[in-house]
Amino acid sequence: MYVDSTSGTRLLYNLRFRAILYQVLAVGSIIFLGLYLFSNVSQKLAEQNIATGFGFLSREAGFVISQTLIDYKPTDTYGRAILAGIANTIWVSAWSVVLASVLGLVVGIARLSRNPLLAFLAFLYVEALRNVPLLLYLFLWYALIVTGLPAAREAWEVLPHVFVSNSGLTVPSLVWTSAHTIIFAALILGGVLAVAVRRRTTTERIRTGKERTTWPLVALALLIPPVLALLILQPEFTISIPEKGRFRLAGGSQLTPEFTALLVGLALSASAGIAEIVRSGILSVRKGQWEASRALGLTDGLTMRLVVLPQALRVIIPPLTSSYLSLFKNSSLAIAIGYPDLVMVSNTTMNQTGQAIEGIAIFMLVYLCLSITISLLMNWYNSRVALKER
């Protein structure tokens, strides 16, 4: 039987084959290195009689978390404690993203204002917040709240039953139950249905060219799920009113100084970068768009909202994704001011269990998953606003 010895040589010169071969070798090398490191670490830990694995997550935590978004008690497990830390991280980061986006949009537009004083003030805002480390600002806001506000027994009542003190902001709040959670989920479902109905009717209008009144259908889609949930569950709506006590405020809901300082620090710091992103996006839109809009009789405000910003989004979204990713990762600095985020809870867990590798692996994995989720969402939105070539 004759074997063509040149076929293998020709295969090596095939660009597609070589590309696949190099990728297989690279992935294989990474897997081999990972297995080697895992084996080596496991062996060293076993030699020192240090426990490994994630079995500690089912053991009782035994420590207090000062502020939690979900129910947590010291008798709960380490897994529940870490889940509370994750919820706290997502909660403060999500609110920071919202505030930073709003502030960044306003300051970015103000940077381009024809009013020289307003433009100069916006310039100072950006430069002051961009050129000072975030950690120093966290210490500043936290110190201002703790030392600049009165004690709880002398709290300022800025509005009826709304108190400000060095313990934070205390406001009346709804006594939340599982029934309220279900109703809130039904409201979100109604919003999704309303968007779907709106898109369906818009597509139908474009296809047929017939103008129809769609708001009643959208309103029904939005209201039916929460109204049904209300009728079925019939929850009680009890309001907890804060009152001054001898030493502290009782009742209501409180925003702690740690949460407030972290929220303000993250939002202001990120808003400075977002303002520059917005400014560059607006400047990328040609001046002819402004001139054409003014020729049509549009005011500057309408031109910005209806013409310029939709086009600027194509430039704004990609760098904005990086700003959001940085904000979520910078939330790990919460440990410096005592806010019980994922890193702080994980550190307490590692100190008590002695299993540092597993603890570090957990919060690295959580931040990786959060970053990938944000990237996917922003990339999806970027694909919706990007220019489509025909």
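Residues numbered from 1 in each chain as written. Predicted model: local features only at pLDDT ≥ 70, side-chain atom pairs only at ≥ 80, totals over all residues. Heavy atoms only, no water.

1. Comments concerning the packing of helix α4 (residues 116-130) against helix α8 (residues 257-283)
Piece 1. Packing of α4 against α8 leaves a shortest axis separation of 8 Å and a crossing angle of 125°. Judged by the angle between their axes, α4 and α8 are oblique. Taken as a pair, α4 and α8 cross one another with a handedness that is left-handed. Only L268, S269, S271, A272, G273, A275 and E276 of α8 make contact with α4, whose side of the interface consists of Y125, V126, L129 and R130. (Axes fitted to C-alpha atoms, helices over the stretch in contact; angles between N-to-C directions. Helix = DSSP H or I, 4+ residues; strand = E, 2+ residues; numbered from the N terminus. Parallel < 35°, antiparallel > 145°, perpendicular 65-115°, else oblique. Left-handed = near helix turned anticlockwise from the far one by under 90°. Contact = heavy atoms within 4.5 Å.)

2. Some words on the nonpolar core
The nonpolar side chains of a soluble globular protein tend to be buried with one another.
Piece 1. Counting residues in each nonpolar core, the largest one holds 59 residues, and the members touching the most others are F63, I65, A81, L262, L320, Y324 and L342.
Piece 2. In terms of residues, this core owes the most to one element, α8, which gives 12 residues.
Piece 3. A110, A122, V126 and A275 belong to the second-largest nonpolar core, a separate cluster that totals five residues. (Core = buried A, V, L, I, M, F, W, Y, C linked by side-chain atoms within 4.5 Å. Buried < 20%, exposed > 50% of the residue type's maximum accessible area, 1.4 Å probe, protein only.)

3. Section: the pattern of salt bridges
Piece 1. Considering all chains together, one arrives at four salt bridges under this definition.
Piece 2. Between E127 and R130 there is a salt bridge, and its shortest N-O distance comes to 3.6 Å. With E127 and R130 both in helix α4, this residue pair falls three residues apart, about one helical turn.
Piece 3. For E127, a relative accessible area of 25% translates into the label partly exposed.
Piece 4. We classify R130 as partly exposed; its relative accessible area is 44%. (Salt bridge = Lys/Arg side-chain N within 4 Å of Asp/Glu carboxyl O.)

4. Comments concerning the pairing of strand β1 (residues 156-159)
Piece 1. Two strands pair when backbone bridges link them, and β1 and strand β2 (residues 162-165) are joined in this way by three bridges, in the antiparallel orientation. Following the sheet pairing, E157 is matched in β2 by F163.
Piece 2. Once β1 ends, the chain turns through two residues before running back antiparallel as β2, passing H161 with a positive phi of about 65°. (Pairing = 2+ DSSP bridges.)

5. Some points on the layout of surface pockets
Piece 1. One number sums up the size of the largest pocket: a volume of about 920 Å³.
Piece 2. Lining the largest pocket are 23 residues, and of these Q67, T68, L69, S253 and Q254 lie nearest its centre.
Piece 3. Where the lining of the largest pocket is concerned, the elements lending two or more residues are α3 (78-110), β3 (168-171), β4 (173-174) and β8 (253-255).
Piece 4. Examining the composition of the lining of the largest pocket, we find that three residues originate from one element, β8, more than from any other.
Piece 5. The residue inventory of the lining of the largest pocket, partitioned by class, reads 13 nonpolar, nine polar and one charged.
Piece 6. Taken as a whole, the second largest pocket spans an internal volume of roughly 370 Å³.
Piece 7. Contributing to the lining of the second largest pocket are 13 residues, with L112, R114, W290, R294 and M304 lying nearest its centre.
Piece 8. Those elements giving two or more residues to the lining of the second largest pocket turn out to be α8, α9 (287-295) and α10 (300-330). (1 Å grid on protein atoms, 1.4 Å probe; cavity = no way out; pocket = protein on both sides within 12 Å on 5 of 7 lines; lining within 4 Å. Points joined across faces, edges and corners; volume = space filled by probe spheres on them. Nonpolar A, V, L, I, M, F, W, Y, C, P; charged D, E, K, R; others polar.)

6. Quick notes on the sheet that holds β2
Piece 1. Pairing is antiparallel across the open sheet formed by four strands, whose spatial order is β1-β2-β3-β8. Edge strands, defined here as strands with exactly one partner in the open sheet, are β1 and β8. The average undirected angle you get between the axes of adjacent strands in this sheet is 25°.
Piece 2. Summarising the sheet, β2 and β3 pair through three bridges and their orientation is antiparallel. The partner of F163 across the bridge, within β3, is T170.

7. What about the packing of α10 against helix α12 (residues 356-385)?
Piece 1. Where α10 meets α12, the closest approach of the two axes is 10 Å, and the angle between their N-to-C directions is 170°. It follows that α10 is roughly antiparallel to α12 by the angle criterion. Taking contact as the criterion, the partners of L313, R314, I317, P318, L320, T321, Y324, L325, F328 and K329 in α10 are, on α12, Y367, L370, S371, I374, S375, M378, Y381, N382 and V385.
Piece 2. Taken together, the residues that form the contact of α10 with α12 break down as 13 nonpolar, four polar and two charged.

8. Overview of helix α5 (residues 134-148)
Since the α-helix advances by 3.6 residues per turn, residues separated by three or four positions end up pointing in the same direction.
Piece 1. Between its first and last C-alpha, α5 extends 20 Å over 15 residues, near the 21 Å set by a 1.5 Å rise per residue.
Piece 2. Among all positions of α5, only L134, Y137, L138, W141 and I145 are buried. On an axial view of α5, the arc spanned by its buried residues comes to 105°, and they lie on one face.
Piece 3. In the core, the buried residues of α5 are packed alongside α4, α8 and α10. (Expected span 1.5 Å × (residues − 1). Arc of directions from axis to C-beta.)

9. Things to note about unusual backbone geometry
Piece 1. Of note in this structure, H161 is not a glycine but carries a positive phi near 65°.
Piece 2. Along the chain, the position of H161 falls in the loop between β1 and β2.
Piece 3. We classify H161 as partly exposed; its relative accessible area is 31%.
Piece 4. A positive phi angle, close to 50°, is found at Q234, a residue other than glycine.
Piece 5. Take Q234: it is sitting in the loop between α7 (215-233) and β5 (239-240).

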